[in-house]
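Given next are the chains, with one letter for each unit.
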Protein chains: 2
Amino acid sequence: MKNLQDLCYGIVGLGLMGGSLGKAIRQNILVKGSKGKILGSDINASSLSLAKEQNICDDTFSIEQVDSMLAECDFVYICLYPHATLKFLNDHKTYFRNDSIITDISGVKSFMQAEISSFNSVLQEKNVDFILGHPMAGGEKEGYSNSLGTIFNNHNYILVPQEYNKKENIELFKNLIYKLGFTHIVETSSLQHDHKIAFTSQLCHVIASALVNSAEDCNITEFGGGSFEDLTRIAMINAPLWTELFLSNKSELLNHIDSFEKSLSSIKQLIKNDDAEALTSYLTDVRIKRISMNSNKSEKSVF
Amino acid sequence: MKNLQDLCYGIVGLGLMGGSLGKAIRQNILVKGSKGKILGSDINASSLSLAKEQNICDDTFSIEQVDSMLAECDFVYICLYPHATLKFLNDHKTYFRNDSIITDISGVKSFMQAEISSFNSVLQEKNVDFILGHPMAGGEKEGYSNSLGTIFNNHNYILVPQEYNKKENIELFKNLIYKLGFTHIVETSSLQHDHKIAFTSQLCHVIASALVNSAEDCNITEFGGGSFEDLTRIAMINAPLWTELFLSNKSELLNHIDSFEKSLSSIKQLIKNDDAEALTSYLTDVRIKRISMNSNKSEKSVF
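So, here's what we can say about the structure.

So, how was this worked out
Residues numbered from 1 in each chain as written. Chains lettered and ligands numbered in written order. Predicted model: local features only at pLDDT ≥ 70, side-chain atom pairs only at ≥ 80, totals over all residues. Heavy atoms only, no water. Core = buried A, V, L, I, M, F, W, Y, C linked by side-chain atoms within 4.5 Å. Buried < 20%, exposed > 50% of the residue type's maximum accessible area, 1.4 Å probe, protein only. Contact = heavy atoms within 4.5 Å. Helix = DSSP H or I, 4+ residues; strand = E, 2+ residues; numbered from the N terminus. Pairing = 2+ DSSP bridges. Axes fitted to C-alpha atoms, helices over the stretch in contact; angles between N-to-C directions. Left-handed = near helix turned anticlockwise from the far one by under 90°. Nonpolar A, V, L, I, M, F, W, Y, C, P; charged D, E, K, R; others polar. Buried area = accessible area lost by both parts, 1.4 Å probe. Salt bridge = Lys/Arg side-chain N within 4 Å of Asp/Glu carboxyl O. Polar contact = N/O pair within 3.5 Å; in protein donor to acceptor, adjacent residues only side chain to side chain.

**Points about the nonpolar core**
The tendency in soluble globular proteins is for nonpolar side chains to be buried as a group.
Here is step 1 of the chain: Ranked by size, the top nonpolar core spans 120 residues in total, and within it F96(A), F260(A), I271(A), F96(B), F260(B) and I271(B) carry the most contacts.
Here is step 2 of the chain: Once you skip the residues sitting within four places of it in the chain, I271(B) turns out to touch V206(A), F246(A), L247(A), K250(A), L253(A), L254(A), I257(A) and L279(B).

**Some details on the environment of L231(B)**
Here is step 1 of the chain: By secondary structure assignment, the location of L231(B) is in helix 9 (residues 227-232).
Here is step 2 of the chain: A C-alpha to C-alpha distance of 9.3 Å links L231(B) and V212(B), two positions 19 residues apart in sequence.

**A look at the sheet that holds strand 5 (residues 101-104) of chain B**
Residues and elements named next belong to chain B.
Here is step 1 of the chain: The sheet built from 8 strands is open, its strands ordered 3-2-1-4-5-6-7-8 with mixed pairing. Two strands close off the open sheet at either side, each with one partner strand: strand 3 (59-61) and strand 8 (184-187). Across the sheet, the mean angle from the axis of one strand to that of its neighbour is 25°, orientation sign disregarded.
Here is step 2 of the chain: Relative to strand 7 (residues 156-160), strand 6 (residues 129-136) runs antiparallel, the two sharing 5 bridges. Looking at strand 7, one finds that G133 is bridged to L159.
Here is step 3 of the chain: Across the sheet, helix 1 (residues 16-28) lies against strand 1 (8-12), strand 2 (37-41), strand 4 (75-78) and strand 6, angled at about 165° from strand 1, the strand it touches most.
Here is step 4 of the chain: The strands touched by helix 2 (residues 45-53) within the sheet are strand 2 and strand 3, with strand 3 carrying the most contacts at an inclination of about 170°.

**Things to note about the packing of helix 11 (residues 250-272) of chain B against helix 12 (residues 276-294) of chain B**
Residues and elements named next belong to chain B.
Here is step 1 of the chain: Between helix 11 and helix 12, whose axes approach to 8 Å, the crossing angle comes to 145°. Read as a crossing pair, helix 11 and helix 12 show a hand that is left-handed. On the side of helix 11, the interface is formed by S263, S266, I267, L270 and I271, while helix 12 contributes A278, L279, Y282 and L283.
Here is step 2 of the chain: For the contact of helix 11 with helix 12, the per-class residue count stands at 7 nonpolar, 2 polar and no charged.

**Structural notes on the interface of chain A and chain B**
Here is step 1 of the chain: Contact with chain A, which involves 91 residues of that partner, is made by 91 residues of chain B.
Here is step 2 of the chain: With both sides pooled, the region where chain A packs onto chain B buries about 8,900 Å², and carbon together with sulfur makes up 64% of that total.
Here is step 3 of the chain: In terms of surface lost to chain B, no three residues of chain A exceed F223(A), R290(A) and M293(A), which account for 9% of the buried area on that side.
Here is step 4 of the chain: Applying the counting criterion to the chain A and chain B interface returns 12 salt bridges.
Here is step 5 of the chain: Here D217(A) makes a salt bridge to K196(B), at a shortest N to O gap of 2.9 Å.
Here is step 6 of the chain: In this assembly, chain A and chain B are joined by 40 residue pairs in polar contact (both at pLDDT 80 or more).
Here is step 7 of the chain: The set of elements that each furnish at least two residues to the side of chain A that touches chain B consists of strand 7 (156-160), strand 8 (184-187), helix 8 (190-213), helix 9 (227-232), helix 10 (239-248), helix 11 (250-272) and helix 12 (276-294) of chain A.

Any functional reading would require information that these geometric values do not contain.
Take a look at the structure:
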């Protein structure tokens, strides 16, 4: 079994996620005396020089030089938007090192799994193992400068293992995930991932955005106690990324919006009818349901 | 001008809010050497004995004894549900001390203002000044045992001054509000209060409740990164209280629900149409709007 401390990690895309991964690997895995190293590539030269200056990356590579980086790496984290991840994989599929492990951080999985199957044989010829994953952590401020090695602490990670994935690689990856600070790993299918994520993440972003959109003015928070702020913090959204996520998981998301609209419509009807008894019963059920969701885990504060 | 340290405070209802007010007054105002005191009344005997044991109340009164408490108090905080507040005021209107100030904490103001006008003359005969107010702080856990003197820190307070209110009493009250830990006071009309609160508070509670209601199962948080939790924390709702708040502000709330539904419907349509450009533009506008709401104040975490 490979030792995490000895690996050469490659990070493609040193944004909020890639930067945070680099910092967490540096802080938690490549402790003093480790043989491993971290290589980074990005289109943004200033992110690269900052990552090197801060000793997060041992070496950095422009995107034109990335193939020479890939040739060195045991473990490659592709931290790009979903379609860019696919394009990167396809464009560079012959350059990954033999026996290396690759993973992505994309928030949609079904279309990714389908598209990869068209060129995965090229990866497998070199025993390169691509593992689909989704770290459920982040923040509303993008970019390397906002990255932080601690943002994964106490968060969930979803893995979508495929038949072709090697067991020992999945185990090594799980070990890495826990070392990064995540406390809970769920293994599921890409369909199930997209179905669940459309609810817990995408629907929430849609609701938060619609709520901000419906605000009459920007001084509304003067009249608030924090509820509006809590519901809309995630509306400080990375617009191009979330456009891609919403549209790549369109049918699941639309189903969840429909079902939320029905729930909203039913509570609206109870209010319209002045039906105090049914409204109290609806809210009591909701309270019990929400408390039970809470019972097995501590609350978290970042999306 | 009266000195806050010398006043006798009465708190009717030692729940989360009443208890927290008592604690904040004790910690921030009645510092060592103050002549003032705190009296408390509640239907729950164990809350009363705990408040006395913890030296939050100097004396406590069962609800049957409350009139003798009111006769002593310079400043009475009625911390009951909205309709119970009105009933309490009406039932005990002749027992308040001459020249005393009374206030409420109710989350709806228009109906309160209208109802009070029918018996306010009785209060005014004794120079008792009732000031409508709404402290914008709280928490999802009710009861005296969850009260905390610090929950008001950095929060907003809404005052709804009436023509009959004495200027010096409003000034004294504002002084008290800042000492309790609030950092921002908004003065407005009851109509405007109910219009704004229906959006920042009630609509948010309706949305959070509908979102929990639409969840397929209680294990959904396994697949979450915290967005769902952030959007639904306030759904651990006090059902009877919020039923009353929703129905007492029905028309304002229904209007806001309608307008939110329209915003949601428009973003849904963009997703349905695969209109990436318009969707990115919608989300970009939302991001800019939400950031501008944030710019003048620090983020808060409790509703």
